[in-house]
Amino acid sequence: MPYFTKLLLLIFCLVLLVESRKHRRRRWTTHVDVQRASHILKKNRDLTKAWKGKTEQLLRVDEHDFTMRPAFGGPAIPVGVDVQVESLDSISEVDMDFTMTLYLRHYWKDERLSFPSTNNKSMTFDGRLVKKIWVPDVFFVHSKRSFIHDTTTDNIMLRVFPDGHVLYSMRVTVTAMCNMDFSHFPLDSQTCSLELESYAYTDEDLMLYWKNGNESLKTDEKISLSQFLIQKFHTTSRLAFYSSTGWYNRLYINFTLRRHIFFFLLQTYFPATLMVMLSWVSFWIDRRAVPARVSLGITTVLTMSTIITGVNASMPRVSYIKAVDIYLWVSFVFVFLSVLEYAAVNYLTTVQERKERKLRER
């Protein structure tokens, strides 16, 4: 019996020894993890916890009335603009418009957004802060449709510097009107422009200008169109006057397009030329082969009519004559005259045979 009691005591002591070692190891590893975590927090400090209060309190958004522009009642606030064209999506001759995707950026200074900073670094925000502060009310003149991309979130960026300078950037796709002249179509060149202007503020309140002159407009080298060759992009600016509201600063993004001619050579000019040459084949067919010459003449006339209809279907209904219309209608006249030539030959031949028959009867 004493031997059994000693064995139980020995086992109990061993269990206590193992448990005490596990507890010490657990405390040591927890202490190491805490030290590592504290080291990481010291290295990458959360700036939202460096200042007491929320970000809105840091920018003092709640302390000012942002429904009014900066320096309200004073001189006009300068707003610089630069644009980076991402893509020129389409050009529509029928609707006389173009679709463009671009990055639109605004630069201005609002001292109400200044904040203390020791390292002079800016703070970047998304579109949620834009709804709480003043931003320029720039819109696209003569635009038909436009929208700000919102996948996977609103493509809006706001960057605020300690001295109050603001960078406001957005990604926009806009469809705007372009007045085209098709007098020399398809040997034409078109000049289109995208116009930017403030909707509410005149030049006495807001001064729009290109931030870096001609360098304010940048384009992607991969921009290309199937029917046009993009020759150049350039910027201009001028004042626009409205009789009821006043003068406004207006910025222009101008680009020149030259049409590729090879497509129309294959689809329009070559078939029309071949139809004219085919109509001349009837001159070598015997005049007594009435079915052959009539069917050939009617076929060429109908083919020319189809070509003319196909070209006009892809073009707007303009009131002036295009260069391609002159060529097609001249070709149509040649084909039609070949049919009239056979009719005239057949008629004159019939008259001559009647005269000869009368002479033989006499």
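Residues numbered from 1 in each chain as written. Predicted model: local features only at pLDDT ≥ 70, side-chain atom pairs only at ≥ 80, totals over all residues. Heavy atoms only, no water.

### As for the state of the cysteines
Note on terminology: disulfide describes a covalent bond linking the sulfur atoms of two cysteines. Within the structure shown, the criterion is met by 1 disulfide. Across the disulfide from Cys-178 sits Cys-192; the S-S distance is 1.9 Å. Disulfide Cys-178-Cys-192: torsion about the S-S bond near -80°, hence left-handed. With a gap of 14 residues between them, Cys-178 in the loop between strand E7 (165–177) and strand E8 (189–198) and Cys-192 in strand E8 connect regions that are remote in the sequence. (Disulfide = S-S within 2.5 Å. Helix = DSSP H or I, 4+ residues; strand = E, 2+ residues; numbered from the N terminus.)

### Here's the deal with the UniProt feature "transmembrane region" (unreviewed entry) in the chain
Using the residue numbers shown here, the UniProt feature "transmembrane region" (unreviewed entry) corresponds to residues 261–282, 294–314 and 326–348. Secondary structure across residues 261–282 divides into 82% helix and 0% strand, with the first and last C-alpha atoms of the span separated by 31 Å. Within the segment residues 294–314, helix and strand shares are 95% and 0% respectively, and the terminal C-alpha atoms sit 31 Å apart. (UniProt positions renumbered as here; feature names shortened; annotations may be inferred.)

### Details of the pattern of salt bridges
Applying the stated criterion to the full structure yields 13 salt bridges. With a shortest N-O distance of 2.8 Å, Arg-259 and Asp-188 are connected by a salt bridge. Placement of the pair is Arg-259 in strand E12 (residues 246–259) and Asp-188 in the loop between E7 and E8, with a sequence separation of 71 residues. Accessibility classification places Arg-259 together with Asp-188 in one group, the buried group. The closest approach of N and O atoms between Arg-288 and Asp-286, which form a salt bridge, is 3.3 Å. Using a relative accessible area of 38% as the deciding quantity, one classes Asp-286 as partly exposed. One salt-bridge network, in which partners are shared between bridges, spans Glu-93, Asp-188 and Arg-259. (Salt bridge = Lys/Arg side-chain N within 4 Å of Asp/Glu carboxyl O. Buried < 20%, exposed > 50% of the residue type's maximum accessible area, 1.4 Å probe, protein only.)

### Side note on the layout of surface pockets
Here the second largest pocket defines a volume of roughly 270 Å³. Around the second largest pocket sit 18 residues that line it, and Glu-93, Gln-227, Phe-263, Phe-264 and Ser-314 are the ones nearest its centre. Of all the elements, helix H4 (residues 262–279) adds the most residues to the lining of the second largest pocket, at 4 residues. Classifying every residue of the lining of the second largest pocket by side-chain character gives 8 nonpolar, 7 polar and 3 charged. Taken domain by domain, the makeup of the lining of the second largest pocket includes at least three residues from each of domain 1 (77–259) and domain 2 (263–361). (1 Å grid on protein atoms, 1.4 Å probe; cavity = no way out; pocket = protein on both sides within 12 Å on 5 of 7 lines; lining within 4 Å. Points joined across faces, edges and corners; volume = space filled by probe spheres on them. Nonpolar A, V, L, I, M, F, W, Y, C, P; charged D, E, K, R; others polar. Domains from an automatic or database assignment.)

### Concerning helix H5 (residues 290–313)
Compared with the 34 Å implied by 1.5 Å per residue over 24 residues, the 35 Å span of H5 between its first and last C-alpha is a close match. Taken together, the buried positions of H5 are Arg-293, Leu-296, Gly-297, Thr-300, Val-301, Met-304, Ile-307, Ile-308 and Val-311. Tucked inside the fold, the buried residues of H5 contact H4 and helix H6 (323–361). (Expected span 1.5 Å × (residues − 1). Contact = heavy atoms within 4.5 Å.)

### Concerning the pairing of strand E1 (residues 77–92)
Bridging between E1 and strand E9 (residues 206–210) involves 5 bridges; their strand directions are parallel. Opposite Pro-78, over in E9, you have Met-207 as the bridge partner. Here E1 pairs with strand E2 (residues 97–109) via 11 bridges, running antiparallel. Bridge pairing links Leu-88 to Met-100 in E2. Note that E1 and strand E10 (residues 217–219) share 3 bridges and pair parallel. The residue of E10 that forms the bridge with Val-83 is Leu-217. (Pairing = 2+ DSSP bridges.)

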